[in-house]
Amino acid sequence: MSLKPNVGLNANPLAENQLVTSADVNQVSCMKQLEQLAQLYSFCIAENLVPNIFLEFFFVLQLLTAKRTSSVEDRESDLDFSGECKDAVQKQHFCSIHNCVYFAVQVLDYHFEIVSHLEKGTLKLLAENDRIASFSPVLHGKLMTAYENSTAKVSLLLPSCVQSVSFQPETDNRSNFCTDKAFHIFKKQRDIFYELLREWEDNYEKPGWDFEKRLGERIRVMMAHLSAACNYSHFARLFLKQLLQICKGPVGGGTSWGDTPDQDVLNMLGPDNLSRLKRLQERFLVPHNISGPCPPPSFSGCQQFFRDFILSAGSYQFNQHLMDSLCLQILELDGLALVEHEPSDREAMGEQDEKKHFASILMSLRLLAKFFGFLVFLPYRTSEPVTGDQLESAVVLRNQTHPVLDILKLLSQSIQKRCTVLTIPWVVEFLSLMDYIAPFLDYYGKIFALLLKLYRCMLLSEDKEMCFLNKLLILAVLGWLFQVPTVPENLFFSGEVKTEELITESGTKIQALDSVPLVDQQLLYTCCPYLGELRKLLSSFVLGSGGKNGGYIRKITPTAAEALAPKTSITQQKLQAELEQAFFHNQSPSLRRTVEFVAERIGSNCVKHIKATLVAELVKKAEVILQDNVKAEDANYDRLLDEVCSQLYEEGAQALIQGKEFCRKKGPEAVKILLPEETSAAVLSCAANIAVGLATEKACAWLSMNITALIKREVKATFSRMLKFQAVSLPSTIEAIQKKKGCPPNCSHQTPFPSQIISEIKDVLCIAVGPRDEDEEIQFVELESLLGRLSQTLRCRKFICPTSEQQLAKCTVEMASLLVSGHVPIRGLNFQVSQKQEQQQAKNHLTSNLLKSLFSIWKEDFQTPVPLQLIFSGKNVSYLADSKQHKWDLFLFVLHGLVENGLMTEKEIQSNLHKLLELSWPLDFSKELESLSKIFISENYIAEPKTLAYELVGQSRGTVAAQS
């Protein structure tokens, strides 16, 4: 029974001129039945009872992002007063968007563990989906947490440019050929092969260009020469090495995950800007043509050339030699999975290096198996399925033949050794190229039976030794295989599959490959690029709904970039890159490394030189301009800064000219020193030119993008220092500093040391934050004495240093915050009152006296700036929020005291209060804080907090808000 309802949903979410119906959880009908269906459906997915779990997730996301249904039934006629369906059997449960979204959210919640392992972009779109947020806040919260904690950001990997295989002396020299003629023919055919590859690369994307028509005849002539010289094995080896060199990357796995930019553009950008290009690509939510999560096997990118070459050559001898080479390399690479995997090897290699090594082997195996399957099943390939007597006769005949490579044996060994994470993906690639008859053969029937048993046993919910992502990769590739057109549709559901555990070898010292975390999201999406369809589906919904009911769209404002450096044509850049590649191809590898090192260091030094010379001069020039304009008290400093910087930007363009000149002078000198003296003049000159070009490119690219920001940052820093100096240099301030420079007259220098006062204040802070005993209190006279001794220490300047004075200033601000919040347990001399309100008044009176002393110390005794803004920090204000009764009276007293003593201005306090309101507070506290801000702005100064004690503290929480 199919669980997928035939609801007439819009299958293509990219359809134009289609309105998005809002989904409302309050309009969901048959909620209990939908929950039961979601439970049943989720159980089938969890137990691997469906052929492809990611196909089901794609369907669920289609329900989640559905824009409307094809027909809407009368909802009232199907409901009774309780909101339940009258006829649950005949009811169309998915007749409305509301039901579809509710069902989808329930299923996603059941399978959150799988969803949480998707790449970061998909998690972001799910977390920002308004439908999930409104239908299940719990799931929305989990998705937000998963997105914030996820590091599984899959980059859009880009294909490498076509490079030829270097000359291999051990296999390509004269001694490996039977005659001189064969050797020279092979060299000629090698050149022809690369001519064909270059011509294909330049023309295959042009409309109307046909491979067979343009290259077919030349390929067959080349094959005829190979036949005459018997060079098939040599050419097959070259063909295979070139295939691995340029097709091993993700481009070989299909292009549905994302289109890759033109290689010419990548060569022009360079490695620095390439990462920015990738980030920019991921910001644009451009919908692609949805090919679905199960695309048929295909050859894309550079793989097309090798497939079409084999078809156009039509050479049985070449195909046989190529199959032999493929078979040998597959056995060699897959044998690595059967080698004992010692934990010590993993520690020595490192986790990241091991993952890269495994990914390289896996991608090579998948590519080799793909072309091996293409060659094995090529003679039997038909455009339509074979049925009836023709199928039976073909099965009887082909059952008598033996396979070229014993896939069944390799698969069984892999299961026993628990190395399926390497073997299964390439076996799937091989089987995906089968013809329509192969699945009915006895041999391949056994393979499918084994794969099906493995699929059913590999439950994601079970906590076995296999890593989660390793298991997810295997299930993803097997699910895709079961949907390949040549695989019969009833294969998955036909017959009973015994789900007993597969036989595996157990070992204590050996760590099986399946139990090592080798697969990450990058490798998962590289091997299964069709998983990117999940993200495309969500992205298209966001675009199609205009951001409403579909998540947040980041707005990208296009700006015209004025390039400081002159642009060269793409053709010239490509030609230059090819010439450099050819030059290094014929030189030792150390020469390339030396040139790249010189270019890196010269480029970096060039940037530092520009900072120290040109930028420094421009900053000095800006300083002169700013000094003439900052004297006015009401000057708009931001506007002034922008105007001055804009005047300097034009002169900043000289950075490129000076940078090029610097690289031109320093590059050849560095190359000459680092290269051997025996290096020929021609090689030295060419290497120096390349190093200068690379260094200039790196330096100019950085300067073009950052010179304006660098100038503004340096000018802004200079301007800030200027303003601070101007504030300190006012006449009244200078006089005050001169008065406070030394000790007062007749000072005996018998005051406590600053370290002692700091220690005593910290003891008070410790008791306030966490008293050792419940009854632990501090005598008022002790605090009063402490503040008196603090004043004496600050007035005697003999033992005061800037660091200790700053520490004292910070500690006193912390103590004031704790006094205001009532966290300091003060005990007075005659503290015997019966009424609770009177006790509070007495405490406030004592506290206000201490605060007055602090005001006086801050104003008269400190010569270093006191960080009074810390009073408004989130931590110190949280003391008020934590107290049982908020001490707003004392807080207001402090605010007015700061203004009255000239320690802070009203504007500064209002600004800090506004910043406090932007923080996250409890609702009642936030309202009271907002009311307090209004009271401070509106009321006159109140000298004593005791009057406030009657009016504010004795009242219930929230009364302050009412008074405002």
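For clarity, every value in this text was computed on a predicted model and none was experimentally measured.

How each quantity is defined
Residues numbered from 1 in each chain as written. Predicted model: local features only at pLDDT ≥ 70, side-chain atom pairs only at ≥ 80, totals over all residues. Heavy atoms only, no water. pLDDT = per-residue confidence, 0-100. Contact = heavy atoms within 4.5 Å. Phe/Tyr/Trp six-rings, centres within 6.5 Å; stacked < 30°, edge-to-face > 60°. Helix = DSSP H or I, 4+ residues; strand = E, 2+ residues; numbered from the N terminus. Buried < 20%, exposed > 50% of the residue type's maximum accessible area, 1.4 Å probe, protein only. Expected span 1.5 Å × (residues − 1). Bend = angle between axes of the 7 residues up to and from the residue. Core = buried A, V, L, I, M, F, W, Y, C linked by side-chain atoms within 4.5 Å. Axes fitted to C-alpha atoms, helices over the stretch in contact; angles between N-to-C directions. Left-handed = near helix turned anticlockwise from the far one by under 90°. Patch = residues over 30% accessible without salt bridge, like charges linked within 9 Å, V, L, I, M, F, W, Y side chains within 5 Å. Areas by Shrake-Rupley, 256 points an atom, 1.4 Å probe, with all protein chains shown as cover. Salt bridge = Lys/Arg side-chain N within 4 Å of Asp/Glu carboxyl O. Polar contact = N/O pair within 3.5 Å; in protein donor to acceptor, adjacent residues only side chain to side chain.

### Describing the confidence of the model for the protein chain
And step 1. Considering every residue of the protein chain, the mean pLDDT works out to 76; 73% of them sit at 70 or more.
And step 2. Long-range and interchain partners of residues 282-290, a stretch whose pLDDT sits below 50, account for 23 contacts in this model, where long-range means more than four residues apart.
And step 3. Taken as a whole, residues 728-740 scores under 50 in pLDDT and shows 10 contacts with residues more than four places along the chain or in a different chain.

### Focus: the packing of aromatic side chains
Think of a pair of aromatic rings as described by two things: how far the centres are apart, and how the planes are tilted against each other in angle.
And step 1. One pass over the full model with this rule turns up 35 aromatic pairs.
And step 2. Here Phe377 and Phe430 contribute two aromatic rings whose centre-to-centre distance is 5.3 Å and whose plane-to-plane angle is 50°, an arrangement assigned as tilted. Of this pair, Phe377 sits in helix α16 (residues 351-377) while Phe430 sits in helix α19 (residues 420-432), and the two are 53 residues apart along the sequence.
And step 3. Phe377 gets classed as buried once you look at its relative accessible area, which sits at 1%.
And step 4. Taken together, a centroid distance of 6.1 Å and an interplanar angle of 40° make the contact between Phe855 and Phe893 tilted. Taken together, the residues Phe855 in helix α33 (residues 836-861) and Phe893 in helix α35 (residues 888-900) connect sequence positions 38 residues apart. An identical accessibility class is assigned to Phe855 and Phe893; each is buried.
And step 5. Through a chain of ring-to-ring contacts, the aromatic side chains of Phe193, Tyr194, Trp200, Tyr204, Trp209, Phe211, Phe235, Phe239, Phe305, Phe306, Phe309 and Phe318 assemble into a single cluster.

### A short note on helix α27 (residues 654-674)
The α-helix winds at 3.6 residues per turn, so residues separated by three or four positions along the chain end up facing the same way.
And step 1. The terminal C-alpha atoms of α27 lie 30 Å apart, and with 21 residues this matches the ideal 30 Å at 1.5 Å per residue to within 8%.
And step 2. A bend of about 25° at Lys666 is the largest found in α27, and the proline Pro668 appears one to four places after it.
And step 3. Restricting attention to buried positions, one finds in α27 the residues Ala655, Leu656, Gly659, Phe662, Cys663, Gly667 and Val671.

### A short note on α19
And step 1. Taking 1.5 Å as the rise per residue, α19 with 13 residues should run 18 Å; its terminal C-alpha atoms sit 17 Å apart, in good agreement.
And step 2. For α19, the tally of buried residues reaches 13 of 13 residues, placing the bulk of the element in the interior.

### Remarks on the nonpolar core
And step 1. If you look at the biggest cluster of nonpolar residues, it comprises 158 residues, and the most contacted ones within it are Leu64, Leu108, Phe193, Phe235, Phe309, Phe318 and Tyr444.
And step 2. Of all the elements, α16 adds the most residues to this core, at 14 residues.
And step 3. Look past the residues within four positions of Phe193 in its chain and what remains in contact with it is Met222, Phe235, Leu238, Phe239, Gln242, Phe305, Phe306 and Phe309.
And step 4. Membership of the second largest hydrophobic core comes to 59 residues, among which are Ile757, Ile826, Leu892 and Trp921.

### A look at the packing of helix α14 (residues 316-334) against α16
The packing of two helices is summarised by the inter-axis angle and the distance between the axes.
And step 1. Viewed as axis vectors pointing N to C, α14 and α16 meet at an angle of 150°, and their least axial separation amounts to 9 Å. For the crossing formed where α14 meets α16, the hand is left-handed. Residues Asn319, Leu322, Met323, Leu326, Cys327, Gln329, Ile330, Leu333 and Asp334 of α14 form the contact with α16, whose participating residues are Ile361, Ser364, Leu365, Leu368, Ala369, Phe371, Phe372, Leu375 and Val376.

### Considerations on a nonpolar patch on the surface
And step 1. A contiguous nonpolar patch, built from Phe597, Ile673 and Leu674 and spanning about 340 Å² of accessible area, is present on the exposed surface.
And step 2. The topology assignment puts Phe597 in helix α25 (residues 589-627).

### Side note on the side chain of Thr65
And step 1. Here Thr65 shows up in the loop between α2 (53-64) and α3 (97-110).
And step 2. Relative accessible area serves as the criterion here: at 2%, Thr65 is assigned to the buried category.
And step 3. A distance of 2.7 Å separates the side chain of Thr65 from the backbone oxygen of Leu61, its partner in a polar contact.
And step 4. Each residue touching Thr65, except ones within four places of it in the same chain, is listed here: Arg131, Leu537, Leu538 and Phe541.

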